[in-house]
Amino acid sequence: MNPQLQQLLVSVDRVFEADLFKVGDEPISLLWLLKLAMAFLTVIVLTTLFKWLLRERLLVRLGMSPGHREAIATLLSYGAGAFGFIVVLQINGLNLAPLVVTLGGLGIGVGFAFQEITKNLISGLTLLVEGKLQVGDYVEFDGLSGYIKEISMRSTVIRTFDGGDVVVPNSNLTSNRVLNWSYKSLTGKLHLPIGVAYDSDPITVTETLLNAAYMESAVLHDPPPRVIFKGFGDSSLEFELWVWVAQIDEGISVRSSLNFIIEHNLRQMGLKIPFPQRDLWVRNADRLQLLDSSALKLSERSTESPSTNGQRKADAHPSGSSSPPLPVSIRDSLRQLPHLSVCSDLHLRELIEAGYRKFFKASDMIFKEGDLGSDFYLVLTGSVETLVTQLDHAVKVYHPGDIFGEVPIMLNLPYTTTARALEDSSLFVIHKNSFERLLRLHPNLAEVFSQELAKEKEIYQDVRQQLQDLGLLDMTEHRHRFTAWVQARLKSLFSTRSPM
């Protein structure tokens, strides 16, 4: 080897091995520091790999949520990293016992110098331990909304709907109010304010808004939509539609869709959304009206020709023109039912809120025989046929104003027939719970439905047979009138439940 090169290497070794200072009994050199840095780098890489394996592999197999995986992986990786650093220092001969007091005093000084960082670190630890905010949660905070993408010890990353990542210090999240839509579930309520003209019928408005709510597939049926009459505004009657959605993070698109549907339905029903109105008082109104009339006559004489006059008369009475028919009113259909014909609009509003309008195409199945009775139906338009599919035997055809499906609900039995639409039909549907509430509000309806059963003994003969097969109709009851037993059963059923 070249003597000069050998001498250079020896000089380099001396430089790297020369003691710079001592920590306790351990001399510190450049080579020692280099080894320590390499060891620390190895610990960091292994800790990062350990965190990834925990979060993406092991904890996934255990079926944990993304938020819990992130929290557990972060805490365990930080613990493993701290343990690795201590082991590296011990292996390199550095005794930490004499440094405890020194490091404690240094820690106090660093804490004062970096109060904000220390606060964020403690806040990050709090977020990870409590688990109130987790990765994947949809949150709203300080005018910002989005999903939590990452929670670290110092900060939290929120992914906004625009695709941007916002880094928020953890102390801001722990010291301020944060709306976490995902804390229990993503189910949330949307409020849609609507104003209509003062000459509008509030019951028609309620029905129209509820129909709009049920036309949107994202709206939940339980809890059902509600219409709130907020009050009398300066220019309109003020309503508010409340709907619940399963994914509140889709609220913007659901709100937009509902606004389109509401505007369409209001226009179809002839309901107007008014402009702001002001009363204007004019002096000498009679004189101004006379001047306006004179000016209008002069204008017509100078501009109107016989041909245009004839055309105007023809336009005023167009032949064959007709406005589109309005949808069938649920209120009018309900009034056709026995006992409900004398109900006030206030009572009918409660019934309208209890159900919703549903459309079926020709041949669509409404329910199948054997399914547990869950809904009561009122035919608004079209026609519905009930039949026994096993025998291919038609039982009855229901037309507008007819009701069906009430017997299985009242007696808690499966549907004994299959119902299908004979043509494009719209039905008013009331769920079982709401139907029972209807009977509690109007006890005489039980009597009405019992009388309907008596009129159709042959149709409901299979219901009686089912009751016997289930052991619900003993021989004593069998000898009495079936409808009388139904009345007694309904009476006992609703007398044990407190009104809502």
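Residues numbered from 1 in each chain as written. Predicted model: local features only at pLDDT ≥ 70, side-chain atom pairs only at ≥ 80, totals over all residues. Heavy atoms only, no water.

Asker: Would you take a moment to explain the sheet that holds strand β8 (residues 188-196) for this structure?
Answerer: Backbone hydrogen bonds hold the strands of a sheet together, and the pairing may be parallel or antiparallel. Taken in spatial order, the 3 strands make up an open sheet running β8-β10-β9, and their pairing is antiparallel. Every other strand in the sheet has two partners, leaving β8 and β9 (226-232) as the edge strands with one partner each. Strand after strand, the sheet turns through a mean of 25 degrees between neighbouring axes, direction not considered. Strand direction decides the pairing type here: β9 and strand β10 (residues 237-245), joined by 6 bridges, are antiparallel. The residue of β10 that forms the bridge with G231 is E238. Along the sheet, helix α7 (residues 202-215) makes contact with β8, β9 and β10, crossing β10 at roughly 25 degrees. Along the sheet, helix α8 (residues 251-268) makes contact with β8 and β10, crossing β8 at roughly 30 degrees. (Pairing = 2+ DSSP bridges. Helix = DSSP H or I, 4+ residues; strand = E, 2+ residues; numbered from the N terminus. Axes fitted to C-alpha atoms, helices over the stretch in contact; angles between N-to-C directions. Contact = heavy atoms within 4.5 Å.)

Asker: Hey, could you run me through the sheet that holds strand β17 (residues 418-421) in this one?
Answerer: Spatial strand order, β12-β17-β14-β15: 4 strands in an open sheet with antiparallel pairing. Bordering the open sheet on either side are β12 (365-367) and β15 (393-398), each of which pairs with just one other strand. Put simply, the sheet's adjacent strands are angled 30 degrees from each other on average, direction ignored. Of the strand pairs in this sheet, strand β14 (residues 384-388) and β15 are connected by 5 bridges, and their pairing is antiparallel. Paired with V388 across the two strands is H393, which belongs to β15.

Asker: Can you help me understand the pattern of salt bridges in this one?
Answerer: Think of it this way: side chains of opposite charge can pair up when their charged atoms draw near. Inspection of every chain in the model, using the stated rule, returns 8 salt bridges. Across the pair K230 and E240 runs a salt bridge whose closest N-O atoms are separated by 3.5 Å. Residue K230 is located in strand β9, and its partner E240 is located in strand β10; the two are separated by 10 residues in the primary sequence. Given the relative accessible area of 11%, E240 is considered buried. E263 is paired through a salt bridge with R267; the nearest N and O atoms lie 2.9 Å apart. With a gap of 4 residues between them, E263 and R267 both fall in helix α8, about one helical turn apart. (Salt bridge = Lys/Arg side-chain N within 4 Å of Asp/Glu carboxyl O. Buried < 20%, exposed > 50% of the residue type's maximum accessible area, 1.4 Å probe, protein only.)

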